[in-house]
Structure formats: C-alpha cells, structure tokens
Amino acid sequence: INASELEQLNAWFAQIVIVSQAIAQSGYTAEGGSEGKLFELAKSSDIPVKGLETVERQIDALRAAQSESGEGELLEQTLAEVEKIERFLPISRRPGSRVILINSPTT
C-alpha cells in the first residue's frame, strides 16, 4: 500500500496495515501461527473456544489510543515500532529460535 492510500485511512487502521505488512515482509503468515493450530486442536477435541476480546473492543482500544495521542503521533510511534519488528523478526528466525504471534479468536 502506498502513502496516498494510507492517508485516506484512520490512523488506527493505517497502524494495522503498516504492522501487518512489516510482519508479512519478514516472511511470517497467519497460517503459520499458533492460533489456528490451537483453534483446530480445541475444535477436534470438543473444547469450547472463547476470545478474550471482541473485534469491537480491539477497535475501541485503537480509537482511544488515537484520541489520546493524536493521529500523527500514533503513526510516528507505529513507524518506530516497525523498525523494531524489522530488526527483531529476522533474528528470531535463526535455527532453533521460535516466535509465536497470537491474535484473539473472534468466536
């Protein structure tokens, strides 16, 4: 996504897009994460699965962060964090290292 497309988004949504792309560019996918595997294991074992947060609560938290810090500051913080992601993730992919990225399920 280019800068002009990001400018049309709310800062909290642009934050999600930027971080998601940084993680994807480091070679990680949602399909390779533990959340889906744990969900399938629970489902096949008839264990009920409940999310800790709803999507609405997560969005409300992102909007609140945007209101507290302002759009510009939120995006500046996000870009600074992306630099950390780009430094951290490749290091963690060394043989023998493990990284787990988990999102709350929506069910």
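For the structure, see preceding data.
Residues numbered from 1 in each chain as written. Predicted model: local features only at pLDDT ≥ 70, side-chain atom pairs only at ≥ 80, totals over all residues. Heavy atoms only, no water.

**What to know about the overall build of the protein chain**
Each helix and strand counted, the protein chain has five helices and zero strands in total. Taken from the N to the C terminus, the helices and strands of the protein chain come in the order α-α-α-α-α. Scored against the burial criterion, the 107 residues of the protein chain give a buried share of 18%. Taking as baseline every contact in the protein chain between residues at least 6 positions apart, the subset at least 24 positions apart corresponds to 79%. As presented, the protein chain carries roughly 8,100 Å² of accessible surface, and 55% of it is formed by carbon and sulfur atoms. (Helix = DSSP H or I, 4+ residues; strand = E, 2+ residues; numbered from the N terminus. Buried < 20%, exposed > 50% of the residue type's maximum accessible area, 1.4 Å probe, protein only. Contact = heavy atoms within 4.5 Å. Areas by Shrake-Rupley, 256 points an atom, 1.4 Å probe, with all protein chains shown as cover.)

**A closer look at the environment of Glu 53**
By secondary structure assignment, the location of Glu 53 is in the loop between α3 (34-44) and α4 (55-69). A polar contact is formed between the side chain of Glu 53 and the side chain of Gln 58, at a distance of 3.4 Å. (Polar contact = N/O pair within 3.5 Å; in protein donor to acceptor, adjacent residues only side chain to side chain.)

**Observations concerning the packing of aromatic side chains**
Inspection of every chain in the model, using the stated rule, returns one aromatic pair. An angle of 85° between the planes, with centres 5.8 Å apart, marks the rings of Trp 12 and Phe 13 as edge-to-face. Judged by its relative accessible area of 35%, Phe 13 is partly exposed. (Phe/Tyr/Trp six-rings, centres within 6.5 Å; stacked < 30°, edge-to-face > 60°.)

**With respect to α4**
For α4, built from 15 residues, the straight-helix expectation of 21 Å at 1.5 Å per residue is met to within 8% by its first-to-last C-alpha distance of 21 Å. Downstream of α4 by one or two residues, Gly 70 has phi in the positive range, about 90°. (Expected span 1.5 Å × (residues − 1).)

**What to know about the side chain of Thr 78**
By secondary structure assignment, the location of Thr 78 is in helix α5 (residues 71-92). Engagement of the side chain of Thr 78 in a polar contact is seen with the side chain of Gln 15, the distance being 3.4 Å. Those residues within four positions of Thr 78 in sequence are excluded, and the remaining contacts are Gln 15, Ile 18 and Val 19.

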